[in-house]
Amino acid sequence: MIPGFKYFPEYLNKDEQKSLLEKLRNKIQQNPLFEPQMPSTGKPFSVKMTNFGSLGWVSDKNQGYRYQATHPSTKSPWLPIPDILLKLWNDLADYPEEPECCLLNYYHNEKSKMGLHRDEDEEDQIAPVFSLSLGDTAMFKIGGLTRKGPSNFIKLASGDVVILGGKARKAYHGVDRILHGSSQLLKHGGRINLTMRRVTPPKIHTL
Ligand code: SIN
Ligand code: MN
């Protein structure tokens, strides 16, 4: 496994997962899920998304992948990142600044998956990427620094946390498929992944 990959199975217990889910449900009412589109082709992603934090990750046909401070349809600023997630970042990320983005991916049906990619839209490539899974188990694929190299599969279950730091920050990764029916957490099944990232470089303190 690539150095810097950290895995914390069932870091959140069932009660903590339920309480976080309740908070997410409330926030999603004001911060609705949207269907991102692939740059140029406009083909819809197979996952729905929303964000929390000062910057959210969005993508559409005309402007492609980017971070922006407002929701693409409501045009409102994103709601703040839930406190419990900020606490997890502070406990596990080993990074002095808070995350600016918490992307929520909702793998809602049989077709939902995420192709192999690297997180590279962030100016800050030093801060780790933090990921928490809720609901049905995902077949998560993690490779190395090239698209073609060897890769490992890890089953990410509800409550599991993964950190991509160090070399793993630049590793190719994706979600091959969701094992539908493996968790009872979400009312209609499926999986939620919450990814926290630092987008802008840390402020440099000079005298
Ligand atoms: C992502 O890479 O943005 C999501 C990964 C996941 O859903 O586990
Ligand atoms: Mn990613």
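Our subject in this report is the structure included herewith.

Definitions and cut-offs
- Residues numbered from 1 in each chain as written.
- Chains lettered and ligands numbered in written order.
- Predicted model: local features only at pLDDT ≥ 70, side-chain atom pairs only at ≥ 80, totals over all residues.
- Heavy atoms only, no water.
- Donors = N, O, S within 2.8 Å, 3.2 Å for Na, K, Ca; no water.
- Helix = DSSP H or I, 4+ residues; strand = E, 2+ residues; numbered from the N terminus.
- Buried < 20%, exposed > 50% of the residue type's maximum accessible area, 1.4 Å probe, protein only.
- Core = buried A, V, L, I, M, F, W, Y, C linked by side-chain atoms within 4.5 Å.
- Contact = heavy atoms within 4.5 Å.
- Near = heavy atom within 4 Å.
- Polar contact = N/O pair within 3.5 Å; in protein donor to acceptor, adjacent residues only side chain to side chain.
- Areas by Shrake-Rupley, 256 points an atom, 1.4 Å probe, with all protein chains shown as cover.
- Nonpolar A, V, L, I, M, F, W, Y, C, P; charged D, E, K, R; others polar.

**Section: the coordination of the manganese ion (ligand 2)**
So, step 1. Around the manganese ion (ligand 2), the protein contributes the donor atoms His 117 (NE2), Asp 119 (OD) and His 173 (NE2), which lie 2.2 Å from the metal centre.
So, step 2. Written as a sequence motif, the donor arrangement for the manganese ion (ligand 2) is H-x1-D-x53-H. Taken together, the residues His 117 in strand β6 (residues 114-117) and His 173 in strand β11 (residues 173-179) connect sequence positions 56 residues apart.
So, step 3. Residue class for His 117 comes out partly exposed when judged on its relative accessible area of 22%.

**Looking at the nonpolar core**
So, step 1. Core analysis: the biggest nonpolar cluster contains 29 residues, and Leu 85, Phe 130, Leu 132 and Leu 194 have the highest contact counts within it.
So, step 2. The set of elements that each furnish at least two residues to this core consists of α1 (14-30), α2 (83-92), β5 (101-107), β7 (129-135), β10 (161-164) and β12 (191-197).
So, step 3. Looking at which element gives the most residues to this core, the answer is α2, with 5 residues.
So, step 4. Residues in contact with Leu 85, not counting those within four places in the same chain, are Leu 20, Cys 102, Leu 132, Leu 194 and Met 196.

**Focus: the site of ligand 1**
So, step 1. Taken together, Asn 105, Tyr 107, His 117, Phe 140, His 173, Val 175, Arg 191, Asn 193 and Arg 197 make up the full set of residues adjacent to ligand 1.
So, step 2. In this structure, Asn 105 approaches ligand 1 through a side-chain N or O atom, which is 3.5 Å from an oxygen atom.
So, step 3. For ligand 1, whose free accessible area comes to 260 Å², the fraction covered by protein is 96%.
So, step 4. Per-element tally for the shell around ligand 1: the top contributor is β12, with 3 residues.
So, step 5. Its residues assigned to classes, the shell around ligand 1 comprises 3 nonpolar, 4 polar and 2 charged.

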